[in-house]
Amino acid sequence: MKKICYIKTGDVCNELLSAYSSKDKVYGGHLYYVYSTIHLPGKIAGRLFISNFSNFNSVSIENSTAKTFNLMYKTIIGKIYGAVMFKIKVLDELIKYKPDYIICARGTETSASFLYSLFFTSKLIVTIHTDLNIGRKLNKIFERIVLKHCHAIVCHGPYLKKQTQELLGYKKNIIEYNASCDDICTDKIETFNHGSIPSAILDGNSKVVTFAGRVEAEKGVFDLYSAFQSCMGRSSEPVLLVYAGKGEAYANLISLVKSDGVHKQVLLLDELARNEIAILLKKSWVVVTPTRRSFSEGRCMAGMEALALGVPLVAPQFGAFEYLVRDRINGLFYKPDSITDLADKIYAILDPELRIRLVNGAKTSGQIYRKALVTFSDAIGQAMEINDAED
């Protein structure tokens, strides 16, 4: 019977409550990682979830406990103070809890986890979700030391796995997982509850250009907005731009849409349930992932889901997107951070003849994402088995 401590981002208290109350299996979204940890294979004596969030809270359900610490500040001095205090809090919780395994998401609190695992018997499993090439040189040196010390590393997708192997110079105990899309890949999508999907999307009278994900500037939401306006000026057909998600840029985007008077052409749908995401993607003419180079994208779930449903992509030609898009086969590449080139590619794919060809390619290449892939829970289970075998 093993005890696990998982240090991650987000509101782990709310996620724990929601994960336990979920009647359906969780395939993606913000609940995925807590839900997967609750459902790890084998007998688990206890689970402790820790995060730095916007409130102090603690909840316990069965043998799982979640704690959030409000140590997030806006000033430079405040950020330094908060970072140091969170390290101290994490070390204190680890010392009291005495976990057998520490699962730590890269970029959360690897230093405290690393320090604890050096002096105690806990085994450190680092999960990697973001591009290893993004970050300061000094951080990368420390990160390499930490990763070499790890008992196992779990990477989301082939791009991050390859980066990790190249950084460390070996392949041992580096495990790849891929969140599956098989829950939304069904012939029964048309029977799903449409929920909050507007009739302007459902009626099929407009070509729908979709963005699904966190609404943040570095995710390219404003680049997409500018590119779409250029397309509107060139296209004689009705075209809709749809954003599905929330994030720090959401309020500014709403204000921009209102001030420009394009609320009928640009729709913001907030966060959607999985069945609603499936309907939206299926109704989309194209899905756009306009991530900027400065954002450390490791694996694009919206892109995987679109291809799994046979919907072509428009994506920047760099990093993880090169593992999804085959240019002019299942989508179109554009020059990263170029609003002009993004607009040109969106306008190009409005051509029905090109789109039909890309749809056929998307259906073929998307087959792999319709299968039961190695999940996060599977990968953590494998990591624990590796470590147990070494004892």
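Residues numbered from 1 in each chain as written. Predicted model: local features only at pLDDT ≥ 70, side-chain atom pairs only at ≥ 80, totals over all residues. Heavy atoms only, no water.

This next bit is on the overall build of the protein. If you tally the helices and strands in the protein, you get 14 helices and 14 strands. Its C-alpha atoms give the protein principal-axis dimensions of about 65 × 45 × 40 Å. Buried positions account for 52% of the 391 residues belonging to the protein. By sequence separation, contacts in the protein at least 24 residues apart represent 68% of the contacts at least 6 residues apart. Only carbon and sulfur atoms are counted for the fraction: they give 53% of the accessible area of the protein, which is about 18000 Å². (Helix = DSSP H or I, 4+ residues; strand = E, 2+ residues; numbered from the N terminus. Buried < 20%, exposed > 50% of the residue type's maximum accessible area, 1.4 Å probe, protein only. Contact = heavy atoms within 4.5 Å. Areas by Shrake-Rupley, 256 points an atom, 1.4 Å probe, with all protein chains shown as cover.)

With that out of the way, let us pick up the pairing of strand β5 (residues 101–105). Consecutive residues of a regular strand have side chains that alternate between opposite faces of the sheet. When you tally the buried positions in β5, you get five out of five residues, the bulk of the element. The side-chain alternation of β5 yields two buried faces, one formed by Tyr101, Ile103 and Ala105 and the other by Ile102 and Cys104. Sheet analysis places strand β1 (residues 2–7) next to β5, joined by four bridges and oriented parallel. Note on β5: the bridge partner recorded for Ile4 is Tyr101. In this structure, β5 lies alongside strand β6 (residues 123–128), joined through five bridges in parallel fashion. In the strand pairing of β6, Cys104 is matched with Val126. Crossover β5 to β6 through helix α4 (residues 110–119) is right-handed. (Pairing = 2+ DSSP bridges. Right-handed = clockwise from strand over helix to strand, strands pointing away.)

Glancing now at the layout of surface pockets. Approximately 190 Å³ is the volume attributed to the second largest pocket. Among the elements that make up the lining of the second largest pocket, the one with the highest residue count is helix α2 (residues 32–38) (three residues). When the residues that make up the lining of the second largest pocket are grouped by side-chain class, the tally is six nonpolar, five polar and two charged. (1 Å grid on protein atoms, 1.4 Å probe; cavity = no way out; pocket = protein on both sides within 12 Å on 5 of 7 lines; lining within 4 Å. Points joined across faces, edges and corners; volume = space filled by probe spheres on them. Nonpolar A, V, L, I, M, F, W, Y, C, P; charged D, E, K, R; others polar.)

This brings us to empty space enclosed by the protein. Where empty space is left can be seen by rolling a probe of water-molecule size over the atoms. Evaluation of the coordinates by the stated rule reveals one cavity of 30 Å³ or more. Residue lining of the largest cavity: Asp223, Pro290, Thr291, Arg292, Tyr334, Asp337, Ser338, Ile339 and Leu342, and that is the complete set. The residue inventory of the lining of the largest cavity, partitioned by class, reads four nonpolar, two polar and three charged.

Before going further, it helps to examine the pattern of salt bridges. Under the counting rule described, the total for this entry stands at 14 salt bridges. Residue Asp344 is joined to Arg234 by a salt bridge in which the shortest nitrogen-to-oxygen separation is 3.3 Å. Placement of the pair is Asp344 in helix α12 (residues 339–349) and Arg234 in helix α8 (residues 221–234), with a sequence separation of 110 residues. Given the relative accessible area of 34%, Asp344 is considered partly exposed. Among the salt bridges present, the one from Glu305 reaches Arg274, with a minimum N-O distance of 2.6 Å. Of this pair, Glu305 sits in helix α11 (residues 301–308) while Arg274 sits in helix α10 (residues 274–283); the two residues are 31 residues apart in sequence, bridging distant segments of the chain. The exposure class of Glu305 is buried, given its relative accessible area of 7%. Each of Lys67, Asp92, Glu93 and Lys96 takes part in one network of salt bridges that share partners. (Salt bridge = Lys/Arg side-chain N within 4 Å of Asp/Glu carboxyl O.)

What follows deals with the environment of Leu118. Here Leu118 is to be found in helix α4. Considering only alpha carbons, one finds Leu118 and Gly204, 86 residues apart in sequence, at a separation of 59 Å.

Within the element layout of this structure, Asn330 appears in the loop between β13 (313–316) and β14 (331–334). Among the polar contacts made by the side chain of Asn330, one reaches the main-chain amide nitrogen of Arg326 at a distance of 2.7 Å. Residue contacts for Asn330: discarding those within four places in its chain leaves Leu307, Pro312, Leu313, Leu324, Val325, Leu358, Gly361, Ala362 and Ser365. (Polar contact = N/O pair within 3.5 Å; in protein donor to acceptor, adjacent residues only side chain to side chain.)

A separate point is the packing of α8 against α12. Contact geometry of α8 with α12 gives a least axis separation of 8 Å together with a crossing angle of 50°. Our classification of the angle between α8 and α12 gives oblique. Considering only the axes of α8 and α12, their crossing is right-handed. In this structure, α8 contributes Asp223, Leu224, Ser226, Ala227, Ser230, Cys231 and Arg234 to the contact, and α12 contributes Ile339, Leu342, Ala343, Asp344, Ile346 and Tyr347. (Axes fitted to C-alpha atoms, helices over the stretch in contact; angles between N-to-C directions. Parallel < 35°, antiparallel > 145°, perpendicular 65-115°, else oblique. Left-handed = near helix turned anticlockwise from the far one by under 90°.)

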